[in-house]
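If you want the building blocks of each chain, they are given just below.
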Amino acid sequence: MSFINYSTREIILKIVYYGPGLSGKTTNIKFIYAATNPEARGKLISLETKADRTLFFDFLPLSLPAIRGFKTRLHLYTVPGQLFYSASRKLIMKGADGVIFVADSQEPRFEANLISMDDLKENLAAYNYDIEKIPFVIQYNKRDLPNVSPVSELRAALNPWGVPDFEAASGAPDGPGVFNTLKAVVKMIIQDLRNA
Amino acid sequence: MLRSARVVDWRGEQSAASGQGSPLASDCTSMNPRNVVFEEEQRLLEEACTRLARESLAKAIFLIDQNGQIVVAVGEIASIDTTSLASLVAGTTAATSSLAKLLGEEEFPVHFHEGKRDNLHISLVATEYILTVVFDQRSSLGLVRLRVKKATERLTEIFGELARRQSADQGANVFSEITDEDIDNLFSDNF
Ligand SMILES: Nc1nc2c(ncn2[C@@H]2O[C@H](COP(=O)(O)OP(=O)(O)OP(=O)(O)O)[C@@H](O)[C@H]2O)c(=O)[nH]1
Ligand SMILES: [Mg+2]
């Protein structure tokens, strides 16, 4: 749910990174934090376990330039991917304006991606969101590793809708694909607002 | 439709959370219902919060929506990272509310955190907003509780006005003029 304040003239968009445990959701937003001009970013909050696994969420606020006189702010959240944190994932999804599904391209994680995608569909349904209508993009992450499934196989299994999808390596020093993924979902959200 | 879709969205969520299924399910298939705040109500909300800060001897008051967006911040806020505070308060409130439902309670409408120096009193207003009072030894829990109760009535009234205006305001879409170029330009500077 976008938040529009006519008094402060700002609009806030909430974007959630979803996906199985260890797929690189936190790594995506850490990369964005590191690569963003300090004036354009707020503090990165990570609520994580001692073993660096997301426990509740990561949160990163970003400022984009004004659009039609409205300051645009992005609130990026990641969910905890581990299966048993289902209740937390559901809370974080609430009010999302757009979703990025971060898949782990490694062969042994193929099944984990499918389970997480089913879980996402369930959580969207709980909020009465239609996965075919919401701003939604998919990222095939960890493309730098040797044991990855071909993109065509991942796409066939995870993207029957043909939503925009991107290859990425969020853990690589130059984070290829990370910003393209984010830009794509922001574009979809704003196009949706325009056509509302 | 859009603005009322927002209410549908939340109700849908609440009934889903309490396991009753949503009778309104078909009304909300898109993800972009909007929460809109207008200048008039913003001013009234600020007034009410400033008054609460004064009467409860609080350090700072924050009015936050359920998604962690700040509507009002008044008092000694210069040293506080308000954006972080708002997202964490919304997170803890969402978790607390889920705990209530898990135990068969409808809601825990108030929660309180006591520190060595500062305390945090968090309460729900008009079901969709979160009132957060930061106070220290200049005030007390009793006083804060009392004043919050009174302020909540006033805030609820204002949010009622806001909801009416939101459903009346069907037409204007500030974003209808946006071009694809505008959207591309969003990313040219910072990244
Ligand atoms: N090789 C490689 N490793 C990556 C990449 N992205 C993330 N990783 C590594 O994968 C591990 C897990 O990354 P996280 O970002 O913590 O994963 P997550 O999805 O947030 O996991 P949860 O918080 O448990 O849901 C870390 O060791 C990262 O360094 C990538 O593109 N390539
Ligand atoms: Mg994580």
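Our subject is the structure that appears above.
To continue, consider the packing of aromatic side chains. When we look at a pair of aromatic rings, we describe it by the centre distance and by the angle of the planes. Applying the stated criterion across every chain, the model contains 11 aromatic pairs over all chains. With 5.2 Å between their ring centres and 10 degrees between their planes, A:Tyr6 and B:Phe38 make a pair best called stacked. With A:Tyr6 in the loop between strand S1 (2-5) and strand S2 (10-18) and B:Phe38 in the loop between strand S1 (34-37) and helix H2 (39-56), this residue pair bridges two chains. Owing to a relative accessible area of 14%, A:Tyr6 belongs among the buried residues under this scheme. On the basis of relative accessible area, B:Phe38 is assigned to the buried category, the value being 11%. Among the aromatic residues, ring-to-ring pairing joins A:Phe56, A:Phe57, A:Phe59 and A:Tyr77 into one connected group.

What follows covers the coordination of the magnesium ion (ligand 2). All names here are of chain A. Protein coordination at the magnesium ion (ligand 2): the donors are Thr26 (OG1) and Thr54 (OG1), at 2.0 Å from the metal. Residue threonine 26 is found in helix H1 (residues 25-35), and its partner threonine 54 is found in strand S4 (residues 54-67); the two are separated by 28 residues along the sequence. Comparing threonine 26 with threonine 54, the two get one shared label, buried.

Residue and element names in this part refer to chain A. Where burial is concerned, most of S4 is hidden: 10 out of the 14 residues are buried. Count of turn residues in the strand S3 (residues 45-48)/S4 antiparallel hairpin: 5 residues, of which aspartate 52 carries a positive phi of about 65 degrees. Sheet analysis places S4 next to strand S5 (residues 70-78), joined by 9 bridges and oriented antiparallel. The partner of leucine 64 across the bridge, within S5, is threonine 72. Adjacent in sequence and paired antiparallel, S4 and S5 are bridged by 2 residues, among which arginine 68 carries a positive phi angle near 50 degrees.

All names here are of chain A. The immediate surroundings of ligand 1 are formed by 19 residues, with Lys25, Thr27, Arg53, Gly81 and Asp144 found nearest. In this structure, arginine 53 approaches ligand 1 through a side-chain N or O atom, which is 2.7 Å from an oxygen atom. Within the backbone of glycine 171, one N or O atom sits 3.1 Å away from an oxygen atom of ligand 1. Burial of ligand 1 by the protein chains amounts to 78% of its free accessible area of 660 Å². With 3 residues, the single largest contributor to the shell around ligand 1 is H1. Within the shell around ligand 1, the residues separate by chemical class into 5 nonpolar, 10 polar and 4 charged.

Residues and elements named next belong to chain B. Taken together, 5 strands build an open sheet; the order of strands is S3-S2-S6-S5-S4 and the sheet is antiparallel. Pairing within the sheet leaves two strands with one partner each, and these edge strands are strand S3 (70-75) and strand S4 (110-114). Neighbour-to-neighbour, the strand axes of the sheet open up by a mean angle of 10 degrees, direction not taken into account. Sheet topology note: the S4/strand S5 (residues 119-125) ladder contains 5 bridges and is antiparallel. Across the sheet, residue glutamate 114 finds its bridge partner in S5, namely asparagine 119. This element, H2, spans strand S2 (60-65), S3 and strand S6 (129-135) of the sheet and lies at about 35 degrees to S3. Running at roughly 65 degrees to S2, helix H3 (residues 82-102) makes contact with S2, S3, S4, S5 and S6 of the sheet.

Before going further, it helps to examine helix H4 (residues 151-158) of chain A. Residues and elements named next belong to chain A. Three or more residues of H4 are buried, namely Val151, Leu154 and Leu158. Burial along H4 is one-sided: seen end-on, the buried residues are contained in an arc of 65 degrees. Turned more than 90 degrees off the buried face of H4, the exposed positions are Ser152 and Ala156. Against the buried residues of H4 lie strand S6 (98-104), helix H3 (110-126), strand S7 (136-141) and strand S8 (165-167).

Let us look at the side chain of A:Lys14. Of note, A:Lys14 is situated in strand S2. The side chain of A:Lys14 is buried and forms no salt bridge, while A:Asp97, the nearest opposite charge, is found at 8.2 Å. Polar contacts involving the side chain of A:Lys14 include one to the main-chain carbonyl oxygen of A:Ile92, which spans 2.9 Å. Apart from residues lying up to four places away in sequence, A:Lys14 is in contact with A:His75, A:Tyr77, A:Ile92, A:Lys94, A:Gly95, A:Ala96, A:Asp97, A:Gly98 and B:Asn67.

Thresholds, definitions, all that
Residues numbered from 1 in each chain as written. Chains lettered and ligands numbered in written order. Predicted model: local features only at pLDDT ≥ 70, side-chain atom pairs only at ≥ 80, totals over all residues. Heavy atoms only, no water. Phe/Tyr/Trp six-rings, centres within 6.5 Å; stacked < 30°, edge-to-face > 60°. Helix = DSSP H or I, 4+ residues; strand = E, 2+ residues; numbered from the N terminus. Buried < 20%, exposed > 50% of the residue type's maximum accessible area, 1.4 Å probe, protein only. Donors = N, O, S within 2.8 Å, 3.2 Å for Na, K, Ca; no water. Pairing = 2+ DSSP bridges. Near = heavy atom within 4 Å. Polar contact = N/O pair within 3.5 Å; in protein donor to acceptor, adjacent residues only side chain to side chain. Areas by Shrake-Rupley, 256 points an atom, 1.4 Å probe, with all protein chains shown as cover. Nonpolar A, V, L, I, M, F, W, Y, C, P; charged D, E, K, R; others polar. Axes fitted to C-alpha atoms, helices over the stretch in contact; angles between N-to-C directions. Contact = heavy atoms within 4.5 Å. Arc of directions from axis to C-beta. Lys, Arg positive; Asp, Glu negative; His and termini not counted. Salt bridge = Lys/Arg side-chain N within 4 Å of Asp/Glu carboxyl O.

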